[in-house]
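Structural overview for review
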Amino acid sequence: MLWNALLLSIREIRRNLLRSFLTTLGIVIGVAAVITMVTLGNGATRAVKDQIASLGSNLLIVRPGQRLGAGYGSVSAANFKVEDAAAIRAQIGGLKAVAPVVSKGVTVIAQANNWPTSITGTTADYFISNNWRLGQGRIFNESEERAGKAVCVIGNTLKRELFGAANPVGGEIRIKQFACEVIGLLASKGQSSMGSDQDDTVIMPLRTVQRRLTGNQDVRTLMVSVKDGVSTDKVQRQIKQLMRERRRIGDNEDDNFNVMDTKQIAETLSATTQVMTTLLGAVAAVSLLVGGIGIMNIMLVSVTERTREIGIRLAIGALEREVLSQFLIEAVVLSSLGGLIGVILATLASIGLSGLMNIPYLFNPSVNLLSFAFSAAIGVIFGYFPARRAASLDPIEALRHE
Amino acid sequence: MTGSAGAIPLIRLQGISKTYGQGQAEFQALRGVDLTVNSGEFVAIMGPSGSGKSTVMNILGCLDVPSGGAYLFLGEHVEQLTRPQRALLRRHYLGFVFQGFNLLARTSAQENVELPLLYRGESGTARHAAARAALAQVGLEGRESHTPAELSGGQQQRVAIARAIVTRPSVLLADEPTGNLDSTTSHEIMDLITQLNRELGITVLMVTHEPDMATYAHRVVHFKDGLVESDSRNGEAA
């Protein structure tokens, strides 16, 4: 009997193809919206996590100034010195790398090309702390660091802009008045979570930059990489204490520096995108509900329009529950068909949009399954009332209906 | 329930009454109708409008229940049956033909005829074969795939008759079957119904207001004011 009712409803849907299509449109859009929003949201969350991981694992960033925001970089906060990095390395355990960093925006010239970029002056530890891998060549060694030699390792964007297809290693770039030998090429990292190009960089020994570009002994940032299994919270506390001592901050004074934990940032950012995902999904779910009401509306119209047909069926000997299940199954078939089209549409849209937005496409089986099940449930819920109404018609009245 | 199997008439109405509305608006459509129909009969029910002939037809067709009296179908008390039980009785024993044909629009003749078999849960192949045979029986061979809109009135009524007989019912209930047809076509339809009555032994109950059509029946029952006014045999059973 169920099979018959299914055949009947499919026949009925085929008979009113345009109306059936328009009815399901609400469900199609609802399901597609829910799945697309959640899929893109999850992709964005993953992208944020990945990019922060590419920044360096278990990385603490120590900067002068109170915190991110207004106070950041204020004059009152003195910069660090190389000795601060040395002190952290000497006095705090469980560290993988401590890299003092200064950076300066400059225009780099090679042959006939020039390119505005940012130069990072640091030590070999920086390659460890910031998860940089070499594509070609080598990084600078200790003697080059000590001597402040004019050598550099460049990122992929710089190579592309200045050297084109040629091998940059062994080549020369000019920054202001001095020339610098390219000794290494970094493996590409791509965009950062903030949308900046991480490959647009030049890395030089700290001393070289201090002497030739900034002209002082200051260090802007300390990158501290913590060994796996060591609590970053504990290290963060120790660094704070050490820095307060070294910067002679009184007990009742605030820090004039801050220590950021990239893991914390990652968690905060992904929590934010997760909230956005939930919100967007909820909005889309409302549209799915509206789609369900659309189904009920059309089914009610359909019952009125097909009153005589229902009369014929009842006269021929159809049972109430057969008419009920026919209309109910029709509604469920319609809505789950809409759900199915929605799932397919969402998959296409998610793949396309995640490509455009530069985020990974993550197929989420539970959201797909849930949305589809929900669309079928909508058929049952919103189809029941019209079906009930059809089944309880008086056959004589129904046959007389014009 | 009474008497031996052979003595049970197909249909027996005993003191059937039907009241519509309540209080001031109360209207008595039937006031105690007695009627017995035996298997294989062809009965025409006539009477002016408001005489109760449609009401009695609805009750005979188990579409409506009487307010009083007893309706025995093969000895079974129909007035005590529930709505689903009456539906099953219609499904297995009755076939309907209406004045307005009442075919499903945009549905082929074949599918229209298959409809009652679908509710009987018959397999696809059995349905197709039975529907083809029924359509052939009413002279519509080769028109299986036509929809009602593509058929003339007479052909539509033939499809409706095929749908009514495809289940091999005991009784064919025809409510003004020629009411929407011209006289030539009407006579063709009446010939067909007569033939089905004679050849398949289907009992026919037909409401009509055209005396011409009533001459095809064995027996004519006249209704007036909710009562049987006369019940006479047509000279010779054709």
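Cut-offs used in this document
Residues numbered from 1 in each chain as written. Chains lettered and ligands numbered in written order. Predicted model: local features only at pLDDT ≥ 70, side-chain atom pairs only at ≥ 80, totals over all residues. Heavy atoms only, no water. Helix = DSSP H or I, 4+ residues; strand = E, 2+ residues; numbered from the N terminus. Rg over C-alpha atoms; globule rule 2.2 N^0.38 Å. Buried < 20%, exposed > 50% of the residue type's maximum accessible area, 1.4 Å probe, protein only. Contact = heavy atoms within 4.5 Å. Areas by Shrake-Rupley, 256 points an atom, 1.4 Å probe, with all protein chains shown as cover. Lys, Arg positive; Asp, Glu negative; His and termini not counted. Charge placed at Lys NZ, Arg CZ, Asp CG, Glu CD. Expected span 1.5 Å × (residues − 1). Pairing = 2+ DSSP bridges. Salt bridge = Lys/Arg side-chain N within 4 Å of Asp/Glu carboxyl O. Phe/Tyr/Trp six-rings, centres within 6.5 Å; stacked < 30°, edge-to-face > 60°. Lys NZ or Arg CZ within 6 Å of the ring centre and 35° of its normal. Domains from an automatic or database assignment. Axes fitted to C-alpha atoms, helices over the stretch in contact; angles between N-to-C directions. Parallel < 35°, antiparallel > 145°, perpendicular 65-115°, else oblique. Left-handed = near helix turned anticlockwise from the far one by under 90°. Nonpolar A, V, L, I, M, F, W, Y, C, P; charged D, E, K, R; others polar. 1 Å grid on protein atoms, 1.4 Å probe; cavity = no way out; pocket = protein on both sides within 12 Å on 5 of 7 lines; lining within 4 Å. Points joined across faces, edges and corners; volume = space filled by probe spheres on them.

1. A short note on the overall build of chain A
Per the secondary structure count, chain A includes 13 helices and ten strands. For 402 residues, the compact-globule estimate of 2.2 N^0.38 gives 21 Å, and the C-alpha radius of gyration of chain A, at 33 Å, exceeds that figure by more than 25%. The buried share of chain A, reckoned over its 402 residues, is 49%. The long-range fraction of contacts in chain A, counting pairs at least 24 apart against all pairs at least 6 apart in sequence, stands at 79%. Here chain A has roughly 19000 Å² of accessible surface; of this, 59% comes from carbon and sulfur atoms. Between the mean site of the 41 positive side-chain charges and the mean site of the 32 negative ones, chain A shows a separation of 3 Å.

2. Description of helix α5 (residues 153–165) of chain B
Compared with an ideal rise of 1.5 Å per residue, which puts 13 residues at 18 Å, α5 of chain B spans 18 Å between its outermost C-alpha atoms and is within 8% of the ideal. Here α5 of chain B lies mainly inside the structure; twelve of its 13 residues are buried. Within α5 of chain B, burial applies to Gly154, Gln155, Gln156, Gln157, Arg158, Val159, Ala160, Ile161, Ala162, Arg163, Ala164 and Ile165 of chain B. Looking at the buried positions of α5 of chain B, the neighbouring elements they touch are α10 (307–316) of chain A together with β6 (94–97), α3 (109–119), α4 (124–137), β7 (171–175) and α6 (183–200) of chain B.

3. Concerning the pairing of strand β8 (residues 201–205) of chain A
On any regular strand, side chains alternate: one points to one face of the sheet, the next to the other face. Residues and elements named next belong to chain A. The buried fraction of β8 is high, at five of five residues. Alignment of strand β3 (residues 113–122) against β8, held across five bridges, turns out to be parallel. The residue bridging threonine 120 from the neighbouring strand is isoleucine 203, located in β8. The sheet contact formed by strand β5 (residues 151–154) and β8 spans two bridges and is antiparallel. Of the residues in β8, the one forming a bridge with isoleucine 154 is valine 202.

4. A closer look at the pattern of salt bridges
Taken as a whole and assessed by the stated rule, the structure comprises 23 salt bridges over all chains. Residue glutamate 305 of chain A pairs with arginine 19 of chain A through a salt bridge whose shortest N-O separation is 3.1 Å. Taken together, the positions of glutamate 305 of chain A in helix α9 (residues 262–305) and arginine 19 of chain A in helix α2 (residues 17–55) put the pair 286 residues apart, joining distant regions of the chain. When its relative accessible area of 48% is taken as the criterion, glutamate 305 of chain A is described as partly exposed. We note a salt bridge from glutamate 144 of chain B to arginine 132 of chain B, for which the minimum N-O separation is 3.5 Å. Remark: arginine 132 of chain B occurs in helix α4 and glutamate 144 of chain B occurs in the loop between α4 and α5; sequence separation between them is twelve residues.

5. Quick notes on the packing of aromatic side chains
Across all of its chains, the model carries four aromatic pairs over all chains by this definition. Pairing phenylalanine 96 of chain B with phenylalanine 98 of chain B gives two aromatic rings, centres 5.9 Å apart and planes at 5°, and the pair type is stacked. Three or more aromatic residues joined by ring pairs form one cluster here, namely Tyr126, Phe127 and Phe140 of chain A. Stacked on the ring of tryptophan 132 of chain A, the Lys or Arg lysine 189 of chain A has its end atom at 4.3 Å from the ring centre. Positioned above the aromatic ring of phenylalanine 178 of chain A is the side chain of arginine 212 of chain A, whose terminal nitrogen or guanidinium carbon lies 4.9 Å from the ring centre.

6. Notes on the domain arrangement of chain A
Domain annotation for chain A reports domain 1 (2–51 + 267–400) and domain 2 (78–255). Centre-to-centre, using C-alpha coordinates, domain 1 of chain A lies 55 Å away from domain 2 of chain A.

7. Things to note about the pairing of strand β8 (residues 203–207) of chain B
Residue and element names in this part refer to chain B. Counting buried positions along β8 yields five of five residues, so the element is predominantly enclosed. Alternating positions in β8 separate into two faces, Thr203, Leu205 and Val207 on one and Val204 and Met206 on the other, with burial throughout. Relative to β8, strand β3 (residues 42–46) runs parallel, the two sharing four bridges. The residue of β8 that forms the bridge with phenylalanine 42 is valine 204. Relative to β8, β7 is paired through five bridges, and the arrangement is parallel. Bridge pairing in β8 links leucine 172 to valine 204.

8. Digging into α6 of chain B
All names here are of chain B. Taking 1.5 Å of rise per residue, 18 residues should cover 26 Å, and α6 covers 25 Å from first to last C-alpha, within 8% of that figure. Taken together, the buried residues of α6 touch β3, α4, α5, β7, β8 and α7 (211–214). Of the residues one or two after α6, glycine 201 is the one with positive phi, at around 70°.

9. Some thoughts on the packing of α3 of chain B against α5 of chain B
Residues and elements named next belong to chain B. At their nearest, the axes of α3 and α5 sit 7 Å apart, and the two run at 30° to each other. Viewed along their axes, α3 and α5 adopt a mutual orientation that is roughly parallel. In terms of crossing hand, the pair formed by α3 and α5 is right-handed. Taking contact as the criterion, the partners of Ala109, Asn112, Val113 and Pro116 in α3 are, on α5, Val159, Ala162 and Arg163. Here the contact of α3 with α5 is composed, by residue class, of five nonpolar, one polar and one charged.

10. What to know about the sheet that holds strand β2 (residues 27–37) of chain B
Residues and elements named next belong to chain B. The sheet built from four strands is open, its strands ordered β2-β1-β4-β5 with antiparallel pairing. Whereas interior strands pair on both sides, the edge strands pair on one side only; in this sheet they are β2 and β5 (76–77). Where strand β4 (residues 68–73) meets β5, two bridges bridge the pair, whose relative direction is antiparallel. In the sheet register, phenylalanine 73 faces β5, and the bridge partner there is glutamate 76.

11. Things to note about the sheet that holds β7 of chain B
All names here are of chain B. Read across the open sheet, the six strands follow the order β6-β7-β8-β3-β9-β10; overall the sheet is mixed. The open sheet has two edge strands with one neighbour each: β6 and β10 (227–233). Each strand axis lies, on average, 20° off the axis of its neighbour in the sheet, ignoring direction. Across four bridges, β6 lies against β7 in parallel orientation. The residue of β7 that forms the bridge with leucine 94 is valine 171.

12. Some words on empty space enclosed by the protein
Rolled over the atoms, a probe as big as a water molecule pinpoints where empty space is left. For the coordinates displayed, the defined rule picks out three cavities of 30 Å³ or more. Within this model, the largest cavity holds a volume of roughly 100 Å³. Along the walls of the largest cavity sit Ala315 and Ile316 of chain A together with Arg90, Leu94, Gly95, Phe96, Phe98, Pro116, Arg163, Ala164 and Thr167 of chain B, which together make up its complete lining. Mapped by element, the contributors of at least two residues to the lining of the largest cavity are α10 of chain A together with β6 and α5 of chain B. If you tally residues by element for the lining of the largest cavity, the top one is β6 of chain B, at three residues.

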